[in-house]
Each structure stands twice: as structure tokens, then as C-alpha cells.
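As a plain string of letters, each chain reads:
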Amino acid sequence: MSSETNPLEGKIAIVTGSGQGNGRAIGLRLGSDGASVFSTDLRADLLDELQVHADKIGVRLATGVYDASSVTDSERLIADVIKAYGRLDVMVNNAGLGGDTPLVEMTDEEWDRVLDVTLTGSMRCTRASMRIMGAPGHGVIVNNASVLGWRAQAGQSHYAAAKAGVMALTRCAAIEGVESGGRVNCVAPGCVEIERTREESPDYAGTWSPLTPLGRVGQVEDVADAVVFLAGDK
């Protein structure tokens, strides 16, 4: 039974790409609001640390290594969660891959890898989720897009194309999901301070804060708040 303090009580959720950054914050926030969370990533070491932290703070969270770009892993992920929990209520497609390469220097392999993880991976997990969510007439899918889905930035052609694709995928899936009672939405974060952005720019906050209307860069908790709102019944 859900409550104001645990609005997602009883919900079963998956968060892909959740070993660090936005995905880590989303998984922990879903769990702190009562959901049972299954977090995935390619890096077992990050998942191990996440599991220790979740256990320490009393969040119901389990982890597993799955490749979001793999059609086999996307199907296996959904099947494993159904076997373990009996159903799936919330699917968060957070796994994504970026880079900073001018188009004239970009290899086909780099382009393909970013699209495979960020767009095709989101499609495969969305598709697999909709297939099992449709039967009971419930379920929520939240995809992680980006402001680069509509805004240009040098060196980001592969990432921007992938995130624009995630937005288009979300709109189409949302129309189809209505027929089975499900909801499909996406969030589109702007400048968020995470491990990757700090590595790319040691003074990331100082660089981007003046260009942001609020005068500060986003934090992972901001993204988690938006995802949790979309995942809930309100």
C-alpha cells in the first residue's frame, strides 16, 4: 500500500545504466520512495558499491550486469525481473553513451556504439517492457533524453542524434502505450554535474552555471526527482 512517505510502495522498477551518475540517483530515489529496484550496468564494481550503499541505507535494491545495447540482454533482463518479482511496473531507460568528437573525425564504430547503447538500447528495453506491461494494463516507462535532442553542440552529433531519437521513440511509444493503459515519458536533462562531466571539465559548474537560467548546473537529484514524479501515480 503506497503512502505519502512511500508513494511507490509495492512497485517493481528497473533502472539501466545505474552504476553511477543520474542512474544511480534514480535507482536510490525510487527505492527510498518504496519501490523494489533492479539496477543494471556494465561495470560490476560500480554495482557492488551501489549494493553496499543501498543495503546500508535500507533501500530495497538488487543489481545485475546487463548490456543495454544487446538484444539478448534486454530480453533476458525483463525475463529475469519477471521471474524474480512476478511483474514490472516501472522501466527507466537511463543507459547512454556519449563522447566529444568532431563529425569529420568520427569513425563509424564510434557513431554505431553511441547509437547502439543510447537509442537502440532504449528501444529494445522499451519494446520488451511494453510486451509484458500491456497484459495487465499498467506500467510506466521513463526514458532519459537530453536537451541535445533539440539543441546543437559541436562534437556531439552522435549523442544528439541518439537523444533526438529517444524523444521520437518516446512520443510514438506513448501513443501505442495508451491502448494498454501504460504511460511512456522522457526527461531531458541539461547541464548536470556527474562523474563524466567533471572528468571532461574540472570546472564544469563554473563553466556552465553562467549559461543556465537558474545560475547553477543540475544535480543528479534533480533528474531523479523528475523521473520519480513520472513513475508515480500522480
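This write-up is about the structure you can find in this document. All of these numbers come straight from a predicted model, not from anything done at the bench.

A separate point is the environment of Ser69. Mapped onto the elements, Ser69 comes out in the loop between β3 (61–65) and α3 (71–85). In this structure Ser69 comes out as buried when scored by relative accessible area, which is 12%. Sequence separation between Ser69 and Val114 is 45 residues; the distance between their C-alpha atoms is 9.3 Å. With near-sequence residues (within four places) excluded, Ser69 lies in contact with Arg113, Asp116, Val117, Gly121 and Arg124. Of note is the side chain of Ser69, whose polar atom sits 2.8 Å from the side chain of Asp67.

With that out of the way, let us pick up the sheet that holds strand β1 (residues 12–15). Sheet architecture is open: six strands sit in the order β3-β2-β1-β4-β5-β6, paired in parallel fashion. Every other strand in the sheet has two partners, leaving β3 and β6 (183–187) as the edge strands with one partner each. Put simply, the sheet's adjacent strands are angled 15 degrees from each other on average, direction ignored. Here five bridges tie strand β2 (residues 36–41) to β3, and the two strands are oriented parallel to one another. From the neighbouring strand, Val37 faces β3, where its bridge partner is Leu61. On top of the sheet, helix α1 (residues 21–32) reaches β1, β2, β3, β4 (90–93) and β5 (140–144); it is set at about 170 degrees to β1, its chief contact. Here helix α8 (residues 220–231) sits on the sheet in contact with β4, β5 and β6, set at roughly 170 degrees to β6.

Taken as a whole, this structure holds 11 salt bridges when the rule is applied. For the salt bridge of Arg29 with Asp225, the shortest nitrogen-to-oxygen distance reads 2.2 Å. Highlighted residues: Arg29 in helix α1 and Asp225 in helix α8, separated in sequence by 196 residues. Judged by relative accessible area, which is 26%, Arg29 ranks as partly exposed. Two residues, Arg87 and Asp89, come together in a salt bridge whose shortest N-O distance is 3.0 Å. Residues joined by salt bridges that share partners form a network here, namely Arg29, Asp33 and Asp225.

What counts, and at which threshold
- Residues numbered from 1 in each chain as written.
- Predicted model: local features only at pLDDT ≥ 70, side-chain atom pairs only at ≥ 80, totals over all residues.
- Heavy atoms only, no water.
- Helix = DSSP H or I, 4+ residues; strand = E, 2+ residues; numbered from the N terminus.
- Buried < 20%, exposed > 50% of the residue type's maximum accessible area, 1.4 Å probe, protein only.
- Contact = heavy atoms within 4.5 Å.
- Polar contact = N/O pair within 3.5 Å; in protein donor to acceptor, adjacent residues only side chain to side chain.
- Pairing = 2+ DSSP bridges.
- Axes fitted to C-alpha atoms, helices over the stretch in contact; angles between N-to-C directions.
- Salt bridge = Lys/Arg side-chain N within 4 Å of Asp/Glu carboxyl O.

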